[in-house]
Amino acid sequence: MKINEKLTQFIKLLKKEKVQAFCVLDNASIMYLTDFFFYSPNDAFLLITQNKVYCFTKKMYFADLKRKVPYLTLLESLDINDVCKKAAKFKNKFFDSTLAPYIEGTALVKAGFKTLPYLLEKAQEVKAENELKLISKACHISTKAFGIFKKQLKAGMTEKQGAALLENIMQELGGQGLAFETILAFGANSANPHHHNSDRKLKQNEPVLVDFGCKYKGYCSDITRTWWFGNKVNKEWQKLFDLVKDTHDYAATLAQDNIRATTLDSAARDFMDKAGVSSKDFIHSLGHGLGLKIHQKPFLSPKSQDIIKINSVFTIEPGLYYDGKFGIRYEDTYVLTPKGAKILTK
Amino acid sequence: MRINAAKLKNLRNLLKKNNFEGLIISDYTDTKYFLGDFFHEDESILLITLKHIIVFSRSLYENSFKRKYKEALFVSEDKNRPQALVKKAQELKLKKLAFDENKELYSAGKLYLEAGFKETSSLISYLRTTKTEEELKLMRKATKISMQAYKNIRKYVKVGITEIELKRKLEDEMVFLGAGGFSFELMVSFGANTANPHHVCDNTKLTKNTAILFDWGAKYQEYCADMTRCFWFGPNVPQEYKKILSLVKYAHDKVIAEAKCKMTGAQIDKISRGLIEQAGYGKYFTHRTGHGIGMQDHELADISHLNNEPILENYCFSVEPGIYLEGKYGVRWEDCFYMTKKGIKQIK
């Protein structure tokens, strides 16, 4: 029975850390390790040992699991105490305290499990080949959808209608759900980086900001585009837009293997300050990693301790926001290759 | 905007009853229950005490939050929100705070426990189980949108269409009719795929004389609908398909006729399961009769043999008996209901 690449890697990592048994409770990690989609978040637990992977789940998944993930040893239970019993003979056993619910975590600790945070996150940071393919596909769908959407967006449409339009185009092109709720902001609404779409209608000659992404087989894409709707482009807006775009391009050229995330973040801020525009109005971090989750390591923020490695996938998204006036953000998804950051949303 | 007064009052009564000064709310849906659609996931913690409403979230929200909710305090924190909460609680001399052991992460829960707070189980889930009239209204609307969309897309059910294509038609139609999203990943299955109760749509094409099953639901202003319909596509209906379909429909209707207020989830489950067992299909009914529903597609008010709690007035839940014959076909029939003093009533 062939175990998939990601699980093989993870078991290797466990061996390296001298872990005999590792319990996984959250849906995203389980999906990551098995490539199997569980319907609701509390439908399965995994207990990974050096030579067996136990899956505690509901009976109704058995037939499908046997077909799709034959190397799992299936057990019908969702009682954490059964996991503890199965792991009783192991001494070095762990779980991730930042991913386990309190109640199950408490039961595991009582049974002798220790906490080992961020191990799964660490495993997910560097992507396997087939993961990169799926992320590229998600990015490709989103980028293509944007081209069509931009032509179809008309004055008079509301933010909500526009967002539904874009989401439908992504679905038509093969997207499988959204990476996150689409943000479509017109005019001064663009000054709020996490605006919730409203019934405000699009007018001629105002800025539009759209932050969106679809999923493909569980994997996310993430893009932001800002443009001026109409011919009479505000000069101040254009100047700031050019700076944001230049900052984005500049930061991308700096990415290389083993660079600190904070180095990129502060370089982007310096770039703005040197151009004479205060980076105080760049009110969020430069970017974030993504994969099965839309936000994961590496975090490109001022306080991050992450280091960017070959085959990690992340966004670069500088922005400038002026409350009551407008906001600008420019974002693409990248993968780090030995030759530097390669853009995926193109 | 004001936070719904009835919901706040109910929570504070519950806090007093349990001798707590406040509750830490970090679950995404639970925060939405009070604040509506404002934050994104994993971005905020809400602390509701007998006197205060305090939100801990990212600094970039500070201005817009203060503009929208004048009655709440905002604490800017970009890194460690549980730690900021502990600090604030100490400032305000709040000791008897509770956190939800089912929804808190182990790392945060441990920090709270060290600060002297106590774990509690599912206070908000419990509040959310009893629906207000306003919530029922939104669920009816979500159900109407779902049903209308289903009727409108029946014309696309033709030989050659794939599961994914048909699912998209259904999604588009629901959005067109006003849905704000979907209750879950919709299911459209053809043929033997219908025998898998949690099939994920693929490129299977519809052929003549096969089983079809739709399990779908629209979201309307955060509230979910959930329903399942199935039928045989083509004239040559197998006798056994006919038999099991009428059996699940009958089991579904039997629950409507016999479920009473204050019966336990297990007792209601037995109504449909007993019938299907008698007919000899017990072991093919591989899931519970139903689940609670509201802002999430699965909430408390389980209709299963494991739930020995009574189902009370204004609890909402699905009734969805099913029979699955691996490799052949499966059937399920589902609607959502709420409990009244006089028995259950369909949300429609």
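Residues numbered from 1 in each chain as written. Chains lettered and ligands numbered in written order. Predicted model: local features only at pLDDT ≥ 70, side-chain atom pairs only at ≥ 80, totals over all residues.

Visitor: Quick rundown of the overall build of chain B? Include the residues and the values.
Guide: What chain B contains, in helices and strands, is 10 helices and 19 strands. Taken against the 2.2 N^0.38 rule, which gives 20 Å for 348 residues, the C-alpha radius of gyration of chain B at 23 Å falls within 12% of a compact globule. The burial tally for chain B puts 47% of its 348 residues in the buried class. Contacts in chain B between residues at least 24 apart in sequence constitute 64% of all its contacts with a sequence separation of at least 6. (Helix = DSSP H or I, 4+ residues; strand = E, 2+ residues; numbered from the N terminus. Rg over C-alpha atoms; globule rule 2.2 N^0.38 Å. Buried ≥ 20, exposed ≤ 12 C-beta atoms within 10 Å, placed from the backbone. Contact = placed C-beta atoms within 7 Å.)

Visitor: Let's hear about the overall build of chain A: which residues, and what values?
Guide: Per the secondary structure count, chain A includes 10 helices and 20 strands. Taking 20 Å as the expected radius of gyration for a compact globule of 346 residues, we find that chain A reaches 22 Å, a close match to that expectation. If one aligns the C-alpha atoms of chain A with their principal axes, the spans along those axes are about 70 × 40 × 35 Å. Long-range pairs, those at least 24 residues apart, make up 63% of the contacts in chain A between residues at least 6 apart in sequence.

Visitor: Describe the sheet that holds strand S8 (residues 206-212) of chain A, and please don't skip the residues or the numbers.
Guide: Residues and elements named next belong to chain A. Strand order in this open sheet of 3 strands is S7-S8-S11, and the pairing throughout is antiparallel. The sheet is open, and its two borders are formed by strand S7 (183-186) and strand S11 (223-229), each paired with just one other strand. Recorded for the sheet is a direction-independent mean angle of 10° between the axes of neighbouring strands. Here S7 runs beside S8; their pairing, made up of 4 bridges, is antiparallel. Considered in S8, the bridge of Ala-185 is made with Leu-209. (Pairing = 2+ DSSP bridges. Axes fitted to C-alpha atoms, helices over the stretch in contact; angles between N-to-C directions.)

Visitor: How would you summarise the interface of chain B and chain A if you had to cite specific residues and measurements?
Guide: Residue-level contacts link 29 residues of chain B with 28 residues of chain A. Across the side of chain B that touches chain A, the residue classes tally to 7 nonpolar, 11 polar and 11 charged. (Nonpolar A, V, L, I, M, F, W, Y, C, P; charged D, E, K, R; others polar.)

Visitor: A description of the nonpolar core should follow, citing residues and the corresponding values.
Guide: In this structure, Ala-138 of chain A together with Ile-24, Ala-142, Ala-218, Cys-316 and Ile-323 of chain B are the most contacted members of the largest nonpolar core, which totals 156 residues. Setting aside residues no more than four positions away along its own chain, Ala-218 of chain B makes contact with Ala-142, Ile-145, Ser-146, Ala-149, Met-174, Ala-179, Phe-182, Ser-183 and Ala-225 of chain B. In terms of nonpolar packing, the next biggest core, distinct from the first, is built from 35 residues, Leu-14, Phe-45, Tyr-54 and Leu-72 of chain A among them. (Core = buried A, V, L, I, M, F, W, Y, C linked by C-beta atoms within 7 Å.)

Visitor: Describe in detail the packing of helix H8 (residues 159-172) of chain A against helix H8 (residues 163-176) of chain B, supporting the description with residues and values.
Guide: Running from N to C, H8 of chain A and H8 of chain B point in directions that differ by 175°, and their axes come no closer than 11 Å. As judged from the angle between their axes, H8 of chain A and H8 of chain B are roughly antiparallel. On H8 of chain B, the residues that touch Ala-164, Asn-168 and Gln-171 of chain A of H8 of chain A are Arg-168, Glu-171, Asp-172 and Val-175 of chain B. For the contact of H8 of chain A with H8 of chain B, the class distribution of residues is 2 nonpolar, 2 polar and 3 charged. (Parallel < 35°, antiparallel > 145°, perpendicular 65-115°, else oblique.)

Visitor: Break down the sheet that holds strand S1 (residues 22-25) of chain B for me, with residues and values.
Guide: All names here are of chain B. Pairing within the open sheet is mixed, and its 6 strands lie in the order S4-S3-S2-S1-S5-S6. The sheet is open, and its two borders are formed by strand S4 (73-76) and strand S6 (118-120), each paired with just one other strand. The sheet shows a mean angle of 25° between the axes of neighbouring strands, direction not considered. Note that S1 and strand S5 (residues 97-100) share 3 bridges and pair parallel. Note on S5: the bridge partner recorded for Gly-22 is Leu-97.

Visitor: Lay out the domain arrangement of chain B with the relevant residues and their values.
Guide: All names here are of chain B. By the assigned domains, chain B splits into domain 1 (5-128) and domain 2 (133-346). Inter-centroid distance (C-alpha atoms) of domain 1 to domain 2 is 35 Å. On the side of domain 2, 6 residues touch domain 1, which itself brings 7 residues to the contact. Those elements that provide at least two residues to the side of domain 1 that touches domain 2 are helix H2 (28-35) and helix H6 (123-129). Residues of the side of domain 1 that touches domain 2, tallied by class, amount to 2 nonpolar, 2 polar and 3 charged. (Domains from an automatic or database assignment.)

Visitor: Which residues make up the environment of Lys-217 of chain A, and what values do they have?
Guide: Residue and element names in this part refer to chain A. By the secondary structure assignment, Lys-217 is in the loop between strand S9 (215-216) and strand S10 (219-220). Residue Lys-217 is classed as partly exposed on the basis of its 16 C-beta neighbours within 10 Å. Residues Lys-217 and Lys-137, 80 residues apart in the sequence, show an inter-C-alpha distance of 9.5 Å. Excluding residues that lie within four positions of it along the chain, Lys-217 makes contacts with Leu-134 and Gln-176.

Visitor: Give a description of unusual backbone geometry that names residues and reports values.
Guide: With an omega of 0°, the peptide bond between Lys-297 of chain A and Pro-298 of chain A qualifies as cis. Among the structural elements, Pro-298 of chain A can be located in strand S14 (residues 296-300). Positioned with a positive phi, Asn-205 of chain A is a non-glycine residue whose angle comes to about 60°. Relative to the helices and strands, Asn-205 of chain A resides in the loop between S7 and S8. Of note, Gln-221 of chain B is a non-glycine position whose phi angle comes to about 45°, a positive value.

Visitor: Quick rundown of the domain arrangement of chain A? Include the residues and the values.
Guide: Residues and elements named next belong to chain A. Domains assigned within chain A are domain 1 (5-125) and domain 2 (129-343). Here the C-alpha centre of domain 2 lies 34 Å away from the C-alpha centre of domain 1. Listed by partner, the interface residues are 7 residues for domain 1 and 11 residues for domain 2. Where the side of domain 1 that touches domain 2 is concerned, the elements lending two or more residues are helix H2 (27-34) and helix H6 (119-125). Here the residues of the side of domain 1 that touches domain 2 are counted per class, giving 3 nonpolar, 1 polar and 3 charged.

Visitor: Now, about the packing of helix H9 (residues 239-258) of chain B against helix H10 (residues 265-278) of chain B: what can you tell me, with residues and values included?
Guide: Residue and element names in this part refer to chain B. Between H9 and H10, the shortest axis-to-axis distance is 9 Å and the interhelical angle comes to 150°. Viewed along their axes, H9 and H10 form a crossing whose handedness is right-handed. On the side of H9, the interface is formed by Leu-247, Tyr-250, Ala-251, His-252, Lys-254, Val-255 and Glu-258, while H10 contributes Ile-268, Ile-271, Ser-272, Leu-275 and Ile-276. (Left-handed = near helix turned anticlockwise from the far one by under 90°.)

Visitor: Summarise H9 of chain B; cite the residues concerned and give the values.
Guide: All names here are of chain B. Between its first and last C-alpha, H9 extends 28 Å over 20 residues, near the 28 Å set by a 1.5 Å rise per residue. Tyr-241, Ile-244, Leu-245, Leu-247, Val-248, Ala-251, His-252 and Val-255 are the residues of H9 that are buried. The buried residues of H9 all sit within an arc of 155° when viewed along its axis, so they share a single face. Residues of H9 that are exposed and angled more than 90 degrees away from the buried face: Gln-239, Lys-242, Ser-246 and Ala-257. Tucked inside the fold, the buried residues of H9 contact strand S9 (210-216), strand S12 (227-233), H10, strand S15 (316-319), strand S16 (322-325) and strand S17 (329-332). (Expected span 1.5 Å × (residues − 1). Arc of directions from axis to C-beta.)

Visitor: Residue-level account of the pairing of strand S2 (residues 44-49) of chain A, with values.
Guide: All names here are of chain A. Of the strand pairs in this sheet, strand S1 (residues 21-24) and S2 are connected by 4 bridges, and their pairing is antiparallel. Each bridged residue has a counterpart across the sheet, and for Cys-23 the counterpart in S2 is Leu-47. As defined by bridge partners, S2 adjoins strand S3 (residues 53-57) across 5 bridges and the pair is classed as antiparallel. Across the sheet, Ile-48 pairs through a bridge with Val-53, a residue of S3.

Visitor: Give me the pairing of strand S3 (residues 53-57) of chain B: which residues, what numbers.
Guide: Residue and element names in this part refer to chain B. The buried fraction of S3 amounts to 4 of the 5 residues, a majority that puts the element mostly inside the structure. Judged from the 5 bridges that link them, strand S2 (residues 44-49) and S3 form a sheet pairing that is antiparallel. Residue pairing across strands places Ile-48 opposite Ile-53, the latter belonging to S3. Hairpin connection, S2 to S3: the antiparallel pair is bridged by 3 residues. Here 4 bridges tie S3 to S4, and the two strands are oriented parallel to one another. Of the residues in S4, the one forming a bridge with Phe-56 is Val-75.

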